[in-house]
Amino acid sequence: MKARVYVMLKNGVLDPQGEAVRHALGSLGFDGVEGVRQGKVIELDLAEGSTESTVTEMCEKLLANTVIESYRVELMG
Amino acid sequence: MKAAVIVFPGSNCDRDMAVAFERAGADVTMVWHKDTALPQDVDIVGVPGGFSFGDYLRCGAIAANSPICQSVVSHAERGGYVLGICNGFQILTETGLLPGALRRNAGLKYICRTVELTVETADTAFTSGYSVGQSIHIPIAHHDGNYFVDDAKLAQLQDEGRIAFKYADNPNGSVADIAGVVSKNRRVLGMMPHPERAADEGHGGTDGVAMFRSLMDQLATA
């Protein structure tokens, strides 16, 4: 089975990379981009029977720094 | 004073840190990240700068989970001293020994130059050789030195006098111009600037020497 973990900076934490992407889009002529947030996607290949709670524990211990980042887990069967 | 300096794959300030400790009179042992124990009777552990594990995932995240870091955390919890510089500061926040996190610099550029710092507290073994409000010049060299803590934690750090150094002219977007903070028991210091790179006339400045000397004075008499 696979799991996908999305890690994003929390709302309210300035994302300078997202801001730089927003400026770059603007200079390419894409108007109306009001905000860009950049994050990470981590794909995990897991043994059958692995549980979402194990993946959550992985996020808490390593994959995300919960001081500044939020995460979301998606199990993909 | 017995010092241990941790070496991770990708550490590059470990030897500079060891020399700074040695010049102050410490016995220094280098400790590999796969070791599980610190040398006996170590007074202070240095967590050096560099790019441990290539900064993969997040700066300091992999190093913070290496075998030796468990011993570093236990050492700190027993009241031992820990000094984390640059990547070492990032690692200490990842272990939870220090609050906050280091984000990408606000200007997105890697910054390598000497900056002016203001000493915010002299009430630590690290900073007792300085005076409050003193201006010192110390090099920085980082891409992810933009310190973040939430408002509540910031207020706590201010109330408890735990901000060790501030930037005179904020180079990286850090909250409240913070360049370094200490733990609640004041025995763990993390800072982005490199005092070990301002520890010899040949470095172009010696403002970092007072940190290693005052540690020696305080820990030799402890």
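Residues numbered from 1 in each chain as written. Chains lettered and ligands numbered in written order. Predicted model: local features only at pLDDT ≥ 70, side-chain atom pairs only at ≥ 80, totals over all residues.

Description of the interface of chain A and chain B
Move 1: The partner chain B presents eleven residues to the eight residues of chain A that form the contact.
Move 2: Here the element with the most residues in the side of chain A that touches chain B is helix α1 (residues 16-27) of chain A; it accounts for three residues.
Move 3: In terms of residue class, the side of chain A that touches chain B is made up of six nonpolar, two polar and no charged. (Contact = placed C-beta atoms within 7 Å. Helix = DSSP H or I, 4+ residues; strand = E, 2+ residues; numbered from the N terminus. Nonpolar A, V, L, I, M, F, W, Y, C, P; charged D, E, K, R; others polar.)

Looking at the sheet that holds strand β3 (residues 44-47) of chain B
All names here are of chain B.
Move 1: Read from one edge to the other, the open sheet built from nine strands follows the order β2-β1-β3-β4-β11-β10-β9-β6-β7, with strand pairing classed as mixed. Strands at the two margins of the open sheet, each flanked by one partner only, are β2 (27-32) and β7 (135-142). Between one strand axis and the next, the sheet turns by 20 degrees as a mean value, whatever way the strands run.
Move 2: Pairing geometry for strand β6 (residues 111-119) and strand β9 (residues 163-167), over three bridges, is antiparallel. Bridging from a neighbouring strand, V119 pairs with F165 of β9.
Move 3: Helix α3 (residues 87-95) rests against β3, β4 (81-85) and β11 (188-191) of the sheet, and its axis sits at about 120 degrees to β4. (Pairing = 2+ DSSP bridges. Axes fitted to C-alpha atoms, helices over the stretch in contact; angles between N-to-C directions.)

Considering the UniProt feature "active site" (unreviewed entry) in chain B
Residue and element names in this part refer to chain B.
Move 1: UniProt marks C86, H194 and E196 with the feature "active site" (unreviewed entry), using the numbering shown here. For the residues just named, distributed over 111 residues, the greatest C-alpha separation is only 10.9 Å, placing them together at one site.
Move 2: Along the chain, the position of C86 falls in the loop between β4 and α3.
Move 3: Apart from residues no more than four positions distant in its own chain, C86 is found in contact with C13, G49, A141, H142, M192 and H194.
Move 4: Looking at the secondary structure, you find E196 in the loop between β11 and α5 (209-220).
Move 5: Look past the residues within four positions of E196 in its chain and what remains in contact with it is C13, D16, M17, A20, I85 and G208. (UniProt positions renumbered as here; feature names shortened; annotations may be inferred.)

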